[in-house]
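# An overview of the molecular structure
For reference, the chains in residue letters:
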Amino acid sequence: MGLEAILRGYLLEEALAWLLRSSGYQLLVAAEQDPQELVSEGSTLKVRGRGTAHQVDVLGEWAFNPAFSLPVRLFLEAKFYATPCRIEVIRNAHGVIHDVNENYAASGQNGRPRRRFQYSYSLFSASGFSEDAQEYAVAHQISLVDLSGDSFAWLRTLIYTTAKRLCAERVRHHVTPFPVTWMRSVLRRRLGTADVHLLPTVTTQAVLFRAGAERVLEEFVAGLLRYEETELLIGFPSAPFIIPLKVDDKRRFVAHADAHPTHLVRIHRIGHEPHAEWVLSPWGDEATYTLRFTMPAHIERWITETEDQRVHRSRAVKSDFLSNITVYRMEGDEPRIYQLQYERTQFRRSAADTTP
């Protein structure tokens, strides 16, 4: 696999950490944030597992603690390959999460009680996932998020261009290996996704390369900031998966959701598998806001495997899995919880209902 594809994945991870900022996803970047669970080796951050410590590139803790649950920490990994992400990546994720969640002791040093966390793993892919990867992830409750839809075309284009330019700078100035940790540190400072006082001091000795690469990264940040009104909220449906909700207009969504923390919504499916998207909007006032998301690929396959059952199965998915979607959002330091409810029995049959 070439450096350019690897860099695309790293850039996507940092962009996602920024897009998730309003969902209460807070990056962990230094061992001092949790000396019992985290360890630093140079500029590398690791998480202690039962068998070994695991290197982590993007790890965050949710500001919200769901009822009857341990505080949740999420490993975020992203791939930007030319082909669908394969099962080997999912197997590695399962091994890491299994080992980390088994690393538990009732007390730490001097018998002091230890905090405990529930670690989860989410894999994002700009080109989807292979069928066996999807089946393995479902079996082991690893969240897969497909970013190949139209809603994220702007992000894929920005990342593709940036990775190509960074590789050109590396070749021009004969830099080997590429300073990935330095790049991440620069982006986290510029995007404000981590406390700058906690970020390790990372430099690259290639002065001319650094100047050129910083210009490229500044333009990447500027490209993201042009979409500053865009947020990626995480929806927690009545299902064994999460759904990323892309907000088309943050201000209109927040205004409506703050006024109606629990409200009925209309959901319809547009496009065709494998690039089908779902659109969610308030019932009876669809123009107020829209949220877009994709469903796991195995659900999309089930919906479309029989054409004459497509509408019926779409409705079944909405009733079974999307009847209640919980969304957590931070407004400054203030946590907010919204309930988006799809309740088909409350709706009169209309022409709009014929849309799957």
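In this report, the structure presented in the accompanying data block is examined. None of the values given here were measured: they were computed from a predicted structure.

### So, the sheet that holds strand β1 (residues 25-27)
The strands making up a sheet associate through hydrogen bonds between their backbones, and the pairing can be parallel or antiparallel. Taken together, five strands build an open sheet; the order of strands is β1-β5-β6-β7-β8 and the sheet is mixed. One side of each edge strand has no neighbouring strand; the edge strands of this open sheet are β1 and β8 (143-146). Strand-to-strand twist across the sheet, computed as the mean angle between neighbouring axes with direction ignored, equals 30°. In the packing of helix α1 (residues 3-19) onto the sheet, the strands contacted are β1, β6 (72-79) and β7 (118-125), and the crossing angle to β6 comes to about 140°.

### Remarks on helix α8 (residues 297-304)
Ile299, Glu300 and Ile303 are the residues of α8 that are buried. Angularly, the buried residues of α8 cover 100° about the axis, an arc narrow enough to put them on a single face. Of the surrounding secondary structure, the elements contacted by the buried residues of α8 are β11 (262-270), β12 (277-282) and α9 (310-321).

### Remarks on the pattern of salt bridges
Taken as a whole, this structure holds 25 salt bridges when the rule is applied. Note that arginine 115 is salt-bridged to glutamate 61, the shortest N-O span being 3.7 Å. One end of the pair, arginine 115, is in the loop between α2 (87-101) and β7; the other, glutamate 61, is in strand β5 (residues 59-62), and 54 residues separate them in sequence. Exposure remark for arginine 115: the relative accessible area of 53% places this residue in the exposed category. When its relative accessible area of 15% is taken as the criterion, glutamate 61 is described as buried. Through salt bridges with shared partners, a single ionic network connects Glu13, Glu14, Asp57, Arg184 and Arg188.

### What about the packing of helix α5 (residues 180-191) against helix α6 (residues 207-225)?
Taken N-terminus to C-terminus, the directions of α5 and α6 make an angle of 40°; their axes are 10 Å apart at the nearest point. Looking at the two axes, α5 sits oblique to α6. Considering how the two elements wind past one another, α5 and α6 form a crossing that is right-handed. Mapping the contact onto sequence places Trp182, Met183, Val186, Leu187, Arg190 and Leu191 in α5 and Phe209, Arg210, Ala213, Glu214, Leu217, Glu218, Phe220, Val221 and Leu224 in α6. Counted by class, the contact of α5 with α6 contains eleven nonpolar, no polar and four charged residues.

### Structural notes on the nonpolar core
As a rule of thumb, soluble globular proteins bury nonpolar side chains together. Grouped together as the largest cluster of nonpolar side chains are 53 residues, with contacts concentrated most on Leu11, Leu16, Leu155, Leu166, Met183 and Leu224. Those elements that place two or more of their residues in this core are α1, β1, β6, α4 (153-172), α5, α6 and β9 (231-236). Among the elements that take part in this core, α1 stands out by supplying eight residues, more than any other. The contact partners of leucine 224, leaving out residues within four places of it in the chain, are Ala15, Trp18, Trp154, Leu155, Leu158 and Leu191.

### Re the pairing of strand β10 (residues 243-247)
If a strand is regular, its side chains alternate between the two faces of the sheet. Counted residue by residue, β10 has five buried out of five residues, so it is predominantly covered. Side chains Ile243, Leu245 and Val247 project from β10 onto one buried face, and the interleaved Pro244 and Lys246 project onto a second face that is buried too. The pairing of β9 with β10 spans five bridges and is classified as antiparallel. By the bridge assignment, leucine 232 is partnered in β10 with lysine 246. A loop of six residues connects β9 with β10, the two strands running antiparallel in sequence. Strand direction decides the pairing type here: β10 and strand β13 (residues 291-293), joined by two bridges, are antiparallel. Bridged to valine 247 within β13 is leucine 291.

### Describing the environment of serine 281
Inspection of the secondary structure assignment puts serine 281 in strand β12. Sequence spacing of serine 281 and arginine 266 is 15 residues, and the spatial spacing of their C-alpha atoms is 5.4 Å. With near-sequence residues (within four places) excluded, serine 281 lies in contact with Val265, Arg266, Glu286, Tyr289 and Thr290.

### Remarks on the environment of threonine 52
If you trace the backbone, threonine 52 turns up in the loop between β3 (44-48) and β4 (53-55). Sequence spacing of threonine 52 and alanine 213 is 161 residues, and the spatial spacing of their C-alpha atoms is 35 Å. Setting aside its immediate chain neighbours within four residues, threonine 52 contacts Val47 and Asp99.

Reading guide: rules and limits
Residues numbered from 1 in each chain as written. Predicted model: local features only at pLDDT ≥ 70, side-chain atom pairs only at ≥ 80, totals over all residues. Heavy atoms only, no water. Pairing = 2+ DSSP bridges. Helix = DSSP H or I, 4+ residues; strand = E, 2+ residues; numbered from the N terminus. Axes fitted to C-alpha atoms, helices over the stretch in contact; angles between N-to-C directions. Contact = heavy atoms within 4.5 Å. Buried < 20%, exposed > 50% of the residue type's maximum accessible area, 1.4 Å probe, protein only. Arc of directions from axis to C-beta. Salt bridge = Lys/Arg side-chain N within 4 Å of Asp/Glu carboxyl O. Parallel < 35°, antiparallel > 145°, perpendicular 65-115°, else oblique. Left-handed = near helix turned anticlockwise from the far one by under 90°. Nonpolar A, V, L, I, M, F, W, Y, C, P; charged D, E, K, R; others polar. Core = buried A, V, L, I, M, F, W, Y, C linked by side-chain atoms within 4.5 Å.

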